[in-house]
Amino acid sequence: QVQLVESGGGLVQPGGSLRLSCAASGSIFNINAMGWYRQAPGKQRELVAGISSGGSTNYADSVKGRFTISRDNAKNTVYLQMNSLKPEDTAVYYCRQSIGRPPRDYWGQGTQVTVSS
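Residues numbered from 1 in each chain as written. Predicted model: local features only at pLDDT ≥ 70, side-chain atom pairs only at ≥ 80, totals over all residues. Heavy atoms only, no water.

S.K.: Sorry if this is basic, but what is going on with the environment of Pro87 here?
M.R.: Among the structural elements, Pro87 can be located in the loop between strand 8 (77-82) and strand 9 (91-99). For Pro87, a relative accessible area of 44% puts it in the partly exposed group. It is 11 Å that separates the C-alpha atoms of Pro87 and Ala40, two residues lying 47 residues apart in sequence. Residues contacting Pro87, with those up to four places away along its chain left out, are Pro14 and Val115. (Helix = DSSP H or I, 4+ residues; strand = E, 2+ residues; numbered from the N terminus. Buried < 20%, exposed > 50% of the residue type's maximum accessible area, 1.4 Å probe, protein only. Contact = heavy atoms within 4.5 Å.)

Shown next as structure tokens:
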């Protein structure tokens, strides 16, 4: 059984920063790609950032230059450093980890990020 636990969300003023973490526990082996997604009220869930097993990254255009995704394989954890936050970044953020052979996707429970003055 694999479980992902997210932390680090909260309320922040525009221009501020937050760091999200997502740690996997349970029967962990062969973690492949990891990613962060977000879903704002009334909108579809969208990819924010992804990182491959080799460390290659990709970002949504709206967050390029402001967000950084990273991973610590020893801790089965993926991070999202969010800087220069804007009100339009407000959403529930979900992590995803692709684990096992064949790979299976696991999702975190979601963490609320609110950017407001």
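S.K.: In this structure, what is going on with the environment of Ser117? I would like to understand it.
M.R.: Looking at where Ser117 falls in the secondary structure, it is placed in the segment after strand 11 (111-115). Considering only alpha carbons, one finds Ser117 and Leu11, 106 residues apart in sequence, at a separation of 9.2 Å.

S.K.: Sorry, what's going on with the side chain of Asp89 here?
M.R.: Following the sequence through the fold, Asp89 ends up in the loop between strand 8 and strand 9. Reaching out from Asp89, the side chain makes a polar contact with the side chain of Arg66 at a distance of 2.8 Å. Every residue in contact with Asp89, bar those within four places of it in the chain, is listed here: Arg38, Arg66, Phe67, Ser84, Val113 and Val115. (Polar contact = N/O pair within 3.5 Å; in protein donor to acceptor, adjacent residues only side chain to side chain.)

S.K.: Looking at this structure, I do not really get the pairing of strand 7 (residues 67-72). What am I missing?
M.R.: Successive side chains on a regular strand alternate, one facing one side of the sheet and the next facing the other. Burial along strand 7 is one-sided: the residues Phe67, Ile69 and Arg71 are buried and none of Thr68, Ser70 and Asp72 is. Bridge count between strand 7 and strand 8: six bridges; the pairing is antiparallel. By the bridge assignment, Asp72 is partnered in strand 8 with Thr77. (Pairing = 2+ DSSP bridges.)

S.K.: I would appreciate a short explanation of unusual backbone geometry in the present structure.
M.R.: Peptide bonds are, in most cases, trans, and in most cases residues other than glycine have a negative phi. Cis rather than trans, the peptide bond between Arg101 and Pro102 has omega equal to -10°. With respect to the helices, strands and loops of the structure, Pro102 is situated in the loop between strand 9 and strand 10 (104-107). In the Ramachandran plot, Asn30 falls in the positive-phi region, its phi being about 50° despite a non-glycine side chain. In this fold, Asn30 is placed in the loop between strand 3 (18-26) and strand 4 (31-39).

S.K.: Looking at this structure, how should I read the sheet that holds strand 7?
M.R.: Neighbouring strands of a sheet are bound in pairs by backbone hydrogen bonds; such pairs are parallel or else antiparallel. One open sheet accounts for four strands, arranged 1-3-8-7; its pairing is antiparallel. Each edge of the open sheet is held by one strand with a lone partner, namely strand 1 (2-7) and strand 7. Between one strand axis and the next, the sheet turns by 15° as a mean value, whatever way the strands run. (Axes fitted to C-alpha atoms, helices over the stretch in contact; angles between N-to-C directions.)

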